[in-house]
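Remarks on the overall topology
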Amino acid sequence: MQEIMTRLEQVDNLNDLERLRVEVLGKKGILTQQFALLKNLEGETKKTFAKGLNTNKEDFEKMLESKRESLLKAQMNENLAKEVVDASLFTALHPKSNGHPIYQTMDRIIDFFVNMNFSIQTGPLVEDDFHNFEALNLPVFHPARDMQDTFYFKDSMLLRTHTSPVQIRTMQSQDIPIRMIAPGSVFRRDYDLTHSPMFHQVEGLVVEQKDKISFVHLKYILEDFLHYMFGDVKIRFRSSFFPFTEPSAEVDISCVFCGGSGCRICSHTGWLEVLGCGIVNQKVFDAVGYKDVSGYAFGLGVERFAMLIHRVNDLRSFFETDLRVLEQF
Ligand code: DAH
């Protein structure tokens, strides 16, 4: 046993350690064989022999474990030392980037509206119920809340499900006239070909004095915007519903894949829905304490725009950080 313990002491790698363990405790191991001898013994002799064997086994196992731990630690330190990353290294392996396609698209959208004299507003990603829902005329139990699968924290806090809460925050902190867009990331419990749990939206809001803003202003700016983004497409406004706007519309462009003749991507309708909009609901103005004003709002998903512009049909390819894909933009 002394000899085994000395060998154990000297083991300097995990493979040898495992080999020694099998040699001692394996099916045909030294100690295992000695335990087998017990059946030939009787009485006091058997008791004493068994006691000795058990002590030896315990000693061996204890030392084996501590040896294993120290070898694992040594191995980890060795790996850490080997795998040092020099973040300051600059090599030809890092080609100059044109930016991520989502951000390229976002920048193009922002450019249009900044040129149209819109300011850029931001808000927190972790929102409260009031700004994300309540003030936007989505009270608790409002069925429209089901349209959005929300990530909740404790105490009515949540990851914002749209950029519309930035409308509310801007109106709470500024007076009219308001002419803003709110670009940013939003979160929903969704994951498939065309949905990801984190995605980007651009919200727009214009508020002026009562009767100054009508649907005509909204239609004018969105048509101009969609032609800027998609070129020579047909555009139609389709009556729809959003709690924060009344009347509301969804806006379609003629399908960029088939030119409007009908294909699988546009479900053979010839049209693709690209954004939601409307005249701001009076209840939203009430929630922020605005009186005698009028306004329009719109909201769009940046990923959807990027997919249509670049003809990408699996949204997830934008997020997989595969350079072979990203380099194509
Ligand atoms: N917040 C809506 C959504 O996430 C998008 C939207 C639709 C925003 C219409 C608006 C609007 O401001 O008027 O689905």
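Note that the coordinates shown come from a computational prediction; the quantities given were computed from them, not determined experimentally.

1. So, the site of the ligand
Taken together, 16 residues lie near the ligand, and His162, Ser164, Arg188, Gln201 and Glu203 sit nearest. Contact distances for the ligand include 3.0 Å between a nitrogen atom and a side-chain N or O atom of Ser164. One of the side-chain N or O atoms of Glu203 is found 2.5 Å from an oxygen atom in the ligand. Against a free-state accessible area of 360 Å², the protein chains account for coverage of 91% of the ligand. Elements with a minimum of two residues in the shell around the ligand: β5 (198-209), β8 (271-280) and β9 (293-301). When grouped by side-chain class, the residues that make up the shell around the ligand number five nonpolar, nine polar and two charged.

2. Details of the pattern of salt bridges
Summed over all chains, the structure comprises twelve salt bridges. The partner of Arg238 in a salt bridge is Asp252, and the shortest N-O contact between them spans 2.8 Å. Linking Arg238 in strand β6 (residues 235-242) with Asp252 in strand β7 (residues 245-254), this pair joins segments that are 14 residues apart in sequence. A relative accessible area of 2% means that Asp252 is categorised as buried. Sharing partners across several salt bridges, the network here consists of Arg236, Arg238, Glu250 and Asp252.

3. Here's the deal with the nonpolar core
A general feature of soluble globular proteins is that nonpolar side chains tend to end up buried together. Counting residues in each nonpolar core, the largest one holds 44 residues, and the members touching the most others are Phe225, Leu226, Phe230, Leu275 and Phe305. Looking at this core, the elements with two or more residues in it are α5 (101-115), β5, α8 (215-230), β7, β8, β9 and α10 (302-310). A per-element tally of this core places α8 first, with seven residues. In contact with Phe230, not counting residues within four places along its chain, are Ile253, Val256, Val274, Phe305, Leu308 and Ile309. Grouped together as the second largest cluster of nonpolar side chains are 22 residues, Ile178, Phe244, Val288 and Ala297 included.

4. Points about the sheet that holds β5
The seven strands lie next to each other as β1-β4-β5-β9-β8-β7-β6, forming an open sheet whose pairing is mixed. Either end of the sheet is taken by a strand with one partner, and the two such strands are β1 (119-120) and β6. Sheet topology note: the β8/β9 ladder contains five bridges and is antiparallel. Its bridge partner lying in β9, Gly278 is registered against Ala297. Contacts from α10 reach β5, β8 and β9 within the one sheet, and its direction differs from that of β8 by about 145°.

5. Points about unusual backbone geometry
What is expected of a backbone is that most residues other than glycine have negative phi and most peptide bonds are trans. Cis geometry marks the peptide bond from Ile176 to Pro177, where omega comes out at 0°. By the secondary structure assignment, Pro177 is in the loop between α7 (165-173) and β4 (178-187). A cis geometry characterises the amide bond from Glu246 onward to Pro247, with omega recorded as 0°. Looking at the element boundaries, Pro247 is found in strand β7. One non-glycine residue, Asp292, lies in positive phi territory at about 55°. Structurally, the position occupied by Asp292 is in the loop between α9 (282-288) and β9. Unusually for a residue other than glycine, Arg311 sits at a positive phi of about 55°.

6. What to know about the domain arrangement of the chain
Taken domain by domain, the chain consists of domain 1 (2-83) and domain 2 (101-326). With centres defined by C-alpha atoms, the gap from domain 1 to domain 2 works out at 67 Å.

7. Remarks on α10
If you check which residues of α10 are buried, you get Val302, Glu303, Phe305, Ala306, Met307 and Leu308. Where the residues of α10 are buried, they touch α5, β5, α8, β8 and β9. One or two steps after α10, the chain reaches Arg311, where phi turns positive at roughly 55°.

8. Some points on the side chain of Ser164
Tracing the sequence through the fold places Ser164 in the loop between β3 (157-159) and α7. Judged by its relative accessible area of 2%, Ser164 falls in the buried class. Looking at Ser164, its side chain comes within polar contact range of the side chain of His162, at 3.4 Å. A distance of 3.0 Å separates a polar atom in the side chain of Ser164 from a polar atom in the side chain of Glu203. Ignoring anything within four residues of it in the chain, the contact list for Ser164 reads Leu136, Glu203 and Phe244.

Analysis parameters
Residues numbered from 1 in each chain as written. Predicted model: local features only at pLDDT ≥ 70, side-chain atom pairs only at ≥ 80, totals over all residues. Heavy atoms only, no water. Near = heavy atom within 4 Å. Polar contact = N/O pair within 3.5 Å; in protein donor to acceptor, adjacent residues only side chain to side chain. Areas by Shrake-Rupley, 256 points an atom, 1.4 Å probe, with all protein chains shown as cover. Helix = DSSP H or I, 4+ residues; strand = E, 2+ residues; numbered from the N terminus. Nonpolar A, V, L, I, M, F, W, Y, C, P; charged D, E, K, R; others polar. Salt bridge = Lys/Arg side-chain N within 4 Å of Asp/Glu carboxyl O. Buried < 20%, exposed > 50% of the residue type's maximum accessible area, 1.4 Å probe, protein only. Core = buried A, V, L, I, M, F, W, Y, C linked by side-chain atoms within 4.5 Å. Contact = heavy atoms within 4.5 Å. Pairing = 2+ DSSP bridges. Axes fitted to C-alpha atoms, helices over the stretch in contact; angles between N-to-C directions. Domains from an automatic or database assignment.

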